[in-house]
Amino acid sequence: MNQSGRKRAIEEGFPIVEINRLAVPERNAFKPIYQMHKWFARRASCVFRAILLGAMKPAGTDIMAEFYKDHTDDPDTNNVCILDPFMGGGTTIVEALRLGCRVTGIDLNPVAWFIVKTEVEPVDLKDLQAAFQRLEERTTLSGQSVKEELLSHYKTECPCCGAGREEADIIYTFWVKAAICTNPNCRQEVPLFGNYIIAAKTPSVRYIPDYQCPSCKKPFDLEVDRASLMAEPSLMVNNPRDAAADRRANKRWAAFDPFAHQIICPWCSQASPVQQFAKLKKERKKIQLTVLLCPHCRAVWQYRGTLPEEVQCPVCAKGYNPKQGNLPERGSFVCPACGTKERIITAIRSMPENRLLPMSPYAIEGYCPKCAGDTTEDLFGDNTVATNQPSHLCNLRDNNGKFFKKVTPADLKRYLEAERRWEKEKDILPYPKSEVPVGEKTKSGLIAHHYRYWHQIFNTRQLLCLATLLKAIDEEKDQTLKEMLLCAFSNCTGRNNTFCRFHNDRNTIEEIFSRHDYQPKLTFTEGNVFGDKYVRGTYRQIFGKLFKGKNFNNNAFDLNKLYPEIPKENYKDTIIDGGKAHLKCGDSPSIISLYPDKPHYVITDPPYAGNVNYSELADFFYVWLRLILAKTYPHFAPEATSKVEEIIENPTRGKTAADYEEGLTAVWRRCYESLSDDGLLIFTFHHAEGRAWETLLESLCNAGFLIEAIYPIHGESESSLHLIDKQAISYDLIHVCRKRIN
C-alpha cells in the first residue's frame, strides 16, 4: 500500500468516453453478483472500478491501461481502506474487494445491508447446491416435497395432447381487475382491459418458396416450421393480405407434415408426398402472430398477419377492435352495459375500505413437455436440450411446447383448491401480516387503492406457495446457506405478486419495481413460483442467478467492449475476499465516529433527495425477510425499516429539503473528520432539479470539502420505466473532492 499526498489520477482526468461505452450495455445486463437481488437505481460497476483505480493510482496513470489488469498483488490497491457511508446495493464494496482493499460499508436500510452481506459472504458452491436440493426435498404440510407441492399448484391440460390430463405446466396466468359501475341502476362489473392483445410474437420460420403442387401445378410457400402460439387450428385466423409473412404478400402457404412426409395443397386440398425434401433450398421469413382475447365470449385465439382495426372471433363470430378495451383514457373506464364513464379511483373509493377491486383469470400460457419433445436439463433448468421430437403432429413443436389457452373450469378448480389450502394452513405458515405504513409512495400506490396490508399485494395461490417455500427455507440448519436461500426467495417475491405485468411484445414478466414506486396493475400476470427456467422470475431460476453470483466471487470478470485483442469477458481480480469487508447497518454519522480505522478514500453514491424513496420501497422485501432474520439480527426486529434517520426529501413524512441538507452535511462532516488530510471524497449524483444540486453543494461546503473535478458518466438504464418519455437526466456526475485545510 503506497498512498502519498500527491495528486491522484482521477484529479487529472477520467476516461469518460471509454467508461460510458462500457456502462451503457452493463446497465442493461449487470454482472452476475449484482443480479443476486433487486436494489434501486444501481449504478454500473465499471464506473466504480474506474473511480477506485483513479483514486488509488498516482497522477499520470492511464486508468484504462489499469482497468483490465490483475490487481491481486498491486501495492497501490492492496489493503487500502475504503469507506462507503451509503453502500446501497454494494457496488463500491464489491469492486473495492476485487482490488484487494479493506472496505467499510454502512447503510441505514437492513435490506441493503442483507443484500451486500449475501453478495460478498464466502460460501462453498457444492454446499450451496446441496442446500438447494435439500430445500426441494423437504416435506410440506401436505406431505409432498416442496418441489412436488409447489409445481402441483400450476398444472393445466395441454390443448394439443393432454385431453383429460392436467400434466402441462402453467407458465403464466393472466388476470384482469374489474371496477363496479357507479351507476346505481347498473352496478355491473367492468373488466379493465386497455386492449385485448395477450401476446405478440414474430417467429422466424424455414420455408421453401414457390413450391409447386404435383396435382394442380400451382405455387405456394411450403413451411418447414410451424408458426403457432396455439394448439387448435380452429382457433387460428389468417389475414388474407399478408398471412404468408413479410415480403410474401398474399401468397398461399401450407405446413409440412414431418410424420407423413407430405403436404396438403392450399389450392386443391390434395395431399402429396414431398420428393427429395432434404435437397430442396430453404429460406427464412418472419411471421407476425398475435394472441387475442374475445371480450364477448372470453375465447383465446390467434391472428396471423398484420392485426387490423376490426377482427371477428372464430368462436362466437362477433367483431371487435382488439386494440381498444374499456379504458378510453388513462385512469378512466366506460361501462359497456350502460355507457357510464367514471374514474377508476372513484370506483375504488365507493367500495368498503377493506375490499380490493375484484379480479379474475382469463388466459394461461403453458408448457407441455410432450409437445416440446423429451428434454434433459441441469439442476437449475439451464442448458435444456431436446433429445427427441414430439411423437405426434403438433402445432406447438416449433414453439418449444409452449401454448396459450383460455382458463377452463378445471383451472379454476385448481385455484380454488389453493384457496382452500391457504385458509387451512395460513395460521401455521409465515407471511407478512403487518400494515402498510403511510408514505410518499405507499399512500398513492397502495393505500389509495385499498392495499392496507402487505399480504394483499399477493393473490392466494402466491401466498400459499411463497409461505410454504419460506417455511422450508427456515428449516435449513446452516445460517449462511439459509441466508443464501432467503436472498433468492426475497428477490423472487418481486416477480410473484399482483403488481407484475406482462410485456406482450417480449413474452416476459416485469417485476414490481420497474419504476421506483408502487403502481397497481389493471391486468397483471401471475408466474409459476417454482417453475423451470422458461419462466422468468421463478424461485428456481432466481436461485440459479444467485448461484452464478456466488460463482462470480471466485471468477470475477469485466466486460470488454473496447479492445478486440482482449477476450470479451476478461477474467481478472478473480477472488472477492469477503473477509476484508466490514458491513454495518445503522446511522452513518454514528457508526463512522466510532470506527477506529481512518479511510484513505470515501467513495459512495448518496441518496438523491426525493428521487428514490428507498425505505418505503425496501419495506416490500423487508416484511418477508424479517420473518426469518428477526431471530438473528436486531435491525430486523421492527415491523418496518427505519425512516426517522433516513436522509431524504419526503413531504408525507415531513422531511424537507433542509432536513435532507442537514442529514447529508452530518455524514460529510464525519467523513471529513475520519479522512486523512490527503484523502479524497468521491461520489456520483443524479437529479433533474437544480435545487437538489444546490442542496448537495451546500452540504459539501458546510462540511469542509472542495470540489477538485467533475465528470459526466452514464447513469441509470434508459429503459427504466420512470425515465421513458420523461425529460429525466440519464447521466450521473462524478464529484472528486478534497478536504479544505484552513
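Participant: Could you clarify how one ought to interpret the overall build of the protein in this entry?
Facilitator: Of the regular secondary structure elements, the protein holds 19 helices and 33 strands. Relative to the globule expectation of 27 Å for 742 residues, the C-alpha radius of gyration of the protein, 29 Å, shows essentially globular dimensions. Structurally, the protein occupies a C-alpha span of about 95 × 65 × 50 Å along its principal axes. Of all 742 residues assigned to the protein, the portion counted as buried reaches 56%.

Participant: Explanation requested: the packing of aromatic side chains in the structure shown.
Facilitator: Geometry of an aromatic ring pair is reported as the spacing of the ring centres plus the angle between the planes. Counted by the stated rule, this structure contains 42 aromatic pairs. Judged by centre distance (5.9 Å) and plane angle (15°), the ring pair of Trp39 and Tyr614 falls under stacked. In this pair, Trp39 sits in the loop between helix 2 (16-27) and helix 3 (45-56) while Tyr614 sits in helix 17 (residues 614-629), placing the two residues 575 residues apart along the sequence. Summarising the burial analysis for this pair, Trp39 and Tyr614 share the class buried. Between Phe40 and Phe513, the aromatic rings sit 5.2 Å apart at their centres with planes inclined by 85°, giving edge-to-face as the arrangement. Taken together, the residues Phe40 in the loop between helix 2 and helix 3 and Phe513 in the loop between strand 25 (508-509) and strand 26 (523-527) connect sequence positions 473 residues apart.

Participant: Help me understand the sheet that holds strand 32 (residues 705-714), please; the structure alone is not making it clear to me.
Facilitator: Neighbouring strands of a sheet are bound in pairs by backbone hydrogen bonds; such pairs are parallel or else antiparallel. Pairing is mixed in the open sheet, where seven strands are placed in the order 29-2-1-30-31-33-32. Of all the strands in the sheet, the pair left with one neighbour each is strand 29 (581-585) and strand 32. Adjacent strand axes in the sheet meet at a mean angle of 15° when their direction is disregarded. Bridge analysis of strand 1 (residues 81-84) against strand 2 (residues 102-107) gives four bridges, and the strand direction is parallel. Within the sheet, the bridge partner assigned to Asp84 lies in strand 2 and is Gly105. Most of the contacts of helix 3 go to strand 30 (residues 601-604), to which it runs at about 165°, and overall it touches strand 1, strand 30, strand 31 (680-685), strand 32 and strand 33 (731-739). Relative to the sheet, helix 19 (residues 690-703) contacts strand 31, strand 32 and strand 33, its axis offset from that of strand 31 by approximately 170°.

Participant: Explanation requested: the nonpolar core in the structure shown.
Facilitator: Side chains of nonpolar character tend, in soluble globular proteins, to be buried together. Membership of the largest hydrophobic core comes to 152 residues, with the highest contact counts inside it found for Phe14, Ile19, Val47, Tyr539 and Trp668. Tallying contributions element by element places helix 17 first for this core, with 11 residues. Sequence-distant contacts of Phe14, defined by excluding residues within four places in its chain, comprise Ile19, Val47, Ala50, Ile51, Ile63, Tyr711, Ile713 and Ile734. Ranked by size, the runner-up nonpolar core spans 37 residues in total, among them Met230, Trp301, Tyr303 and Phe404.

Participant: How do you make sense of the pattern of salt bridges when you look at a structure like this?
Facilitator: Side chains that carry opposite charge are capable of pairing whenever their charged atoms lie near each other. Counted according to the given criterion, the structure contains 52 salt bridges. A salt bridge links Lys285 to Asp221; the nearest nitrogen and oxygen atoms lie 2.9 Å apart. Of the two residues, Lys285 is situated in strand 13 (residues 283-286) and Asp221 in strand 8 (residues 219-223); the sequence distance between them amounts to 64 residues. Side by side, Lys285 and Asp221 carry an identical accessibility label, which is buried. When salt bridges that share partners are traced, they join Asp210, Asp221, Glu223, Arg248, Lys251, Lys285 and Arg304 into one network.

Participant: Would you mind going over a nonpolar patch on the surface with me for this structure?
Facilitator: Side chains of Leu697, Ile707 and Ile710 sit close together on the surface and give an oily, nonpolar patch of about 220 Å² of accessible area. Mapped onto the fold, Leu697 is located in helix 19. Its relative accessible area of 34% is what places Leu697 among the partly exposed residues.

Participant: Any chance you could explain the confidence of the model for the protein here in plain terms?
Facilitator: A low pLDDT means the predicted coordinates there should not be read in detail. In this model, the protein carries a mean pLDDT of 91, and residues with pLDDT of at least 70 account for 95%. Contacts from residues 378-383, a stretch scored under 50 in pLDDT, to residues over four places away or in other chains number 21 contacts.

Participant: Quick question: what am I supposed to make of the sheet that holds strand 15 (residues 300-304) here?
Facilitator: With mixed pairing, four strands are arranged side by side in an open sheet as 6-14-15-9. Since the sheet does not close on itself, it has two edges, and those belong to strand 6 (197-201) and strand 9 (236-238), each with one partner. For this sheet, the mean inter-axis angle between neighbouring strands, taken without regard to orientation, is 20°. Looking at chain direction, strand 6 and strand 14 (residues 289-293) are connected through four bridges and run antiparallel. The residue of strand 14 that forms the bridge with Ala199 is Val291.

Participant: It is not clear to me how unusual backbone geometry should be interpreted in this structure. Could you clarify?
Facilitator: With glycine set apart, most residues show a phi of negative sign, and most peptide bonds adopt trans. At His261, a residue that is not glycine, the phi angle is positive and equals roughly 55°. With respect to the helices and strands, His261 occurs in the loop between strand 10 (253-255) and strand 11 (262-264). Positioned with a positive phi, Ser269 is a non-glycine residue whose angle comes to about 65°.

Participant: Hey, could you run me through the packing of helix 2 against helix 3 in this one?
Facilitator: A pair of packed helices is characterised by two quantities: the angle between their axes and the separation of those axes. Helix 3 packs onto helix 2 with a crossing angle of 145° between their chain directions and a minimal axis gap of 8 Å. Here Ile19, Leu22, Ala23 and Glu26 of helix 2 come into contact with helix 3, specifically with Ser45, Cys46, Val47 and Ala50. The residue makeup of the contact of helix 2 with helix 3, split by class, is six nonpolar, one polar and one charged.

Participant: Looking at this structure, how should I read the packing of helix 3 against helix 5 (residues 91-98)?
Facilitator: One way to put it is that helix 3 packs onto helix 5 with a least axis distance of 9 Å and a crossing angle of 55°. One way to sum up the angle between helix 3 and helix 5 is to call them oblique. For the crossing formed where helix 3 meets helix 5, the hand is right-handed. Across from Ser45, Phe48, Arg49 and Leu52 in helix 3, the residues of helix 5 making contact are Thr91, Thr92, Glu95, Ala96 and Arg98. Each residue belonging to the contact of helix 3 with helix 5 can be placed in one class, and the counts come to three nonpolar, three polar and three charged.

Participant: Whenever I open this one, the pairing of strand 1 confuses me. Can you help?
Facilitator: Walk down a regular strand and you will see the side chains alternate between the two sheet faces. Side chains Cys81 and Leu83 project from strand 1 onto one buried face, and the interleaved Ile82 and Asp84 project onto a second face that is buried too. Each parallel crossover has a hand, and the one from strand 1 via helix 5 to strand 2 is right-handed. The pairing of strand 1 with strand 30 spans two bridges and is classified as parallel. Bridge pairing in strand 30 links Ile82 to Tyr601.

Participant: Would you explain the side chain of Thr498 in this entry?
Facilitator: With respect to the helices and strands, Thr498 occurs in the loop between helix 14 (479-493) and strand 24 (502-503). Polar side-chain contacts of Thr498 include one of 2.6 Å to the backbone oxygen of Ile457. Residues contacting Thr498, with those up to four places away along its chain left out, are Tyr451, Gln456, Ile457, Phe458, Asn459, Gln462, Lys521 and Phe524.

What counts, and at which threshold
- Residues numbered from 1 in each chain as written.
- Predicted model: local features only at pLDDT ≥ 70, side-chain atom pairs only at ≥ 80, totals over all residues.
- Heavy atoms only, no water.
- Helix = DSSP H or I, 4+ residues; strand = E, 2+ residues; numbered from the N terminus.
- Rg over C-alpha atoms; globule rule 2.2 N^0.38 Å.
- Buried < 20%, exposed > 50% of the residue type's maximum accessible area, 1.4 Å probe, protein only.
- Phe/Tyr/Trp six-rings, centres within 6.5 Å; stacked < 30°, edge-to-face > 60°.
- Pairing = 2+ DSSP bridges.
- Axes fitted to C-alpha atoms, helices over the stretch in contact; angles between N-to-C directions.
- Contact = heavy atoms within 4.5 Å.
- Core = buried A, V, L, I, M, F, W, Y, C linked by side-chain atoms within 4.5 Å.
- Salt bridge = Lys/Arg side-chain N within 4 Å of Asp/Glu carboxyl O.
- Patch = residues over 30% accessible without salt bridge, like charges linked within 9 Å, V, L, I, M, F, W, Y side chains within 5 Å.
- Areas by Shrake-Rupley, 256 points an atom, 1.4 Å probe, with all protein chains shown as cover.
- pLDDT = per-residue confidence, 0-100.
- Nonpolar A, V, L, I, M, F, W, Y, C, P; charged D, E, K, R; others polar.
- Parallel < 35°, antiparallel > 145°, perpendicular 65-115°, else oblique.
- Left-handed = near helix turned anticlockwise from the far one by under 90°.
- Right-handed = clockwise from strand over helix to strand, strands pointing away.
- Polar contact = N/O pair within 3.5 Å; in protein donor to acceptor, adjacent residues only side chain to side chain.

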